[in-house]
Amino acid sequence: MTTDNGLKYTVWHKIKTEILDDCRKEGEWKILLLDQFTTKLLTSCCKMTDLLQEGITVVEDIYKERQPVADLKAIYFISPIEKSVDHVVKDFESKSSCKYKAAYIYFSDACPDSLFNKLKACQPKTIKRCKEINISFYPKESQVFLLNVPNAFHMLYSPDKSVDKEAAMQSIAQQIVTLCATLDENPGVRYKREPLDNAEDLASLVEEKLVQYYKTDEKNQCKEKSQSQLLILDRGFDPLSTVLHELTFQAMVYDVLPIEDDVYKYKPDGSASKEKEGRLDESDEVWVKIRHRHIAVVLEEIPKLVKEISSSKKESEGKLSISSLSNFMKKMPHIRKQMSKQALHLGLAEDCMQKFKGNLERLCKVEQDLALGTDAEGQKVKEHMRVLLPVLLNKDLDNYDKIRAILLYIFVENGTTQENLDRLIQHAKIESDGDVLKNWKYIGVPVVPKTVCFWGSRSVQMMKK
């Protein structure tokens, strides 16, 4: 369990005080029932040992078949959706078939009246508590959160008129408000008005829902605006950063390596050894320490961290290279467990550098020259096409790397003509992926025809009240 004052700790503290402490009774054990959303939410901010300390004897999936435990009370921490409420009702359909002694129900967000009415159908006397907690986002890192709207990008930017964009906006706005509530903030809302209306529309919804929330919240009636500011920007505000190959460690790892669900698979002792899995999250202190540093700094930092752990060992004296560290650890099985985290990050760094020393190093140079307008010696790039051309003709680069370079060229040129775009696609031999370039218009980034740049410097507009 994290001990800092970051977002994960804040969410766990809220769950602990508003759910676990709310129904606590000394010496009494309870069962905790979660749905898909709340399982992911709880997993992101605490461990089973934390729950055991709070009197939770077992955690179960509300959607799965479960054996009744009539002598234990159950805490239901669920999202306010029909499927989850239906499973609560099913657990308490009649007195003779009640799965648990009593139910304490906590919703992650505001629950519609229709679902509250459904709960009345299931033995009301068994429901001891029914509350809304207002946490409908994921605390990904101590200062990073994710929203629970998986198809948001498609719903907000799709040209298909049948897509329910308004529903996505409402859901995003509501979840942002629960973030503000969790942080006990009533921020001023600012947005970037162009290139599309999304930021302005979302800002209006967030402001409206903040007013509504702080009028109805029992603890914070008429809460004044806090000094914090909520900035809402559309994706088209900064297209350059989305296509550049980032060389800070975390960004590079997720860009060039096959990381799934924050899990990295590696073989610490070579190809013959059994594959291991390493989770990249904030429980790993080394990862937290080095993840935002440039890969060049990381390559120097990991050996230092290893030497700190094994400072009493003769083998660690002198300068250690990345490749020699793996052999060094093989000879010292008695400290291998202690150094397992370092082995994980050594593997990550080595895999990243293998990618970089291939085509990525040259590609990054081209990207930097295009993005900055100057080369490594500080000389101004006079002809962007001359910088781009070697990338287009390189047969060793895959289509998406070429597309990223072409997009950078178009961005720094403030758009291009249809004729030039067709020629770029033909030279790069990426005809099958040409729509990836053209579809940027749907997020407000003009590719064709050549127009005034929308992503230049503009002041952020204050939310109108």
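Everything discussed here concerns the structure shown above.
Since this is a predicted model, take the numbers as computed values, not measurements. Counting from 1, residues in each chain are numbered in the order their sequence is written. Note on the predicted model: pLDDT of at least 70 is required for a residue's local features to be given, and 80 or more for side-chain atom pairs to be given and counted; whole-chain, interface and lining totals, by contrast, use all residues. In computing side-chain values, all of the structure's heavy atoms are included and hydrogens and water are not.

**Remarks on the pattern of salt bridges**
- We count a salt bridge whenever a side-chain nitrogen from Lys or Arg sits within 4 Å of a carboxyl oxygen from Asp or Glu. What the rule picks out here adds up to 22 salt bridges.
- One salt bridge in this structure joins arginine 404 and aspartate 255, with 2.9 Å as the shortest N-O distance. Residue arginine 404 is found in helix α16 (residues 399-412), and its partner aspartate 255 is found in helix α10 (residues 249-256); the two are separated by 149 residues along the sequence.
- Burial classes: relative accessible area under 20% of the type maximum marks a residue as buried, over 50% as exposed, and values in between as partly exposed (1.4 Å probe, protein chains only). Take arginine 404: its relative accessible area is 16%, and that puts it in the buried class.
- The class of aspartate 255 is partly exposed, set by a relative accessible area of 31%.
- Arginine 386 is the partner of glutamate 383 in a salt bridge, and the nearest nitrogen-oxygen pair spans 3.6 Å.
- For arginine 386, a relative accessible area of 61% gives the class exposed.
- Here the salt bridges share partners, and the residues they tie into one network are Lys16, Asp21, Arg24 and Glu54. The numbering of helices and of strands both runs from the N terminus, where a helix is a DSSP run of H or I of at least 4 residues and a strand a run of E of at least 2.

**Structural notes on the sheet that holds strand β3 (residues 73-78)**
- One open sheet holds the 5 strands; their spatial order is β2-β1-β3-β4-β5, and the pairing between them is parallel. A strand with exactly one partner marks an edge of an open sheet, and here the two such strands are β2 (56-61) and β5 (127-132). When strand polarity is set aside, the average angle formed by the axes of neighbouring strands in this sheet is 15°.
- In the sheet, strand β4 (residues 103-107) pairs with β5 via 5 bridges, with the strands oriented parallel. Residue pairing across strands places alanine 103 opposite isoleucine 127, the latter belonging to β5.
- Contact criterion: two residues are considered in contact whenever any of their non-hydrogen atoms come within 4.5 Å of each other. Helix axes are fitted only over the stretch in contact, all axes being lines through C-alpha atoms; the angle between N-to-C directions runs from 0 to 180 degrees. The strands touched by helix α1 (residues 7-20) are β2, β3, β4 and β5; relative to β3, the strand with the most contacts, the crossing angle is about 135°.
- Lying over the sheet, helix α4 (residues 82-91) contacts β3 and β4, oriented at roughly 165° with respect to β3. Whether two strands pair comes down to DSSP finding at least two bridges between them.

**Some remarks on the nonpolar core**
- Nonpolar cores were defined as sets of buried Ala, Val, Leu, Ile, Met, Phe, Trp, Tyr and Cys residues, with membership established by side-chain atoms within 4.5 Å. Core analysis: the biggest nonpolar cluster contains 77 residues, and Val206, Ile232, Phe249 and Leu348 have the highest contact counts within it.
- If you tally residues by element for this core, the top one is helix α14 (residues 340-372), at 12 residues.
- Apart from residues lying up to four places away in sequence, isoleucine 232 is in contact with Val189, Arg190, Tyr191, Lys192, Ala199, Leu202, Ala203 and Val206.
- If you look at the next biggest cluster of nonpolar residues, it comprises 25 residues, including Val11, Leu20, Phe37 and Cys46.

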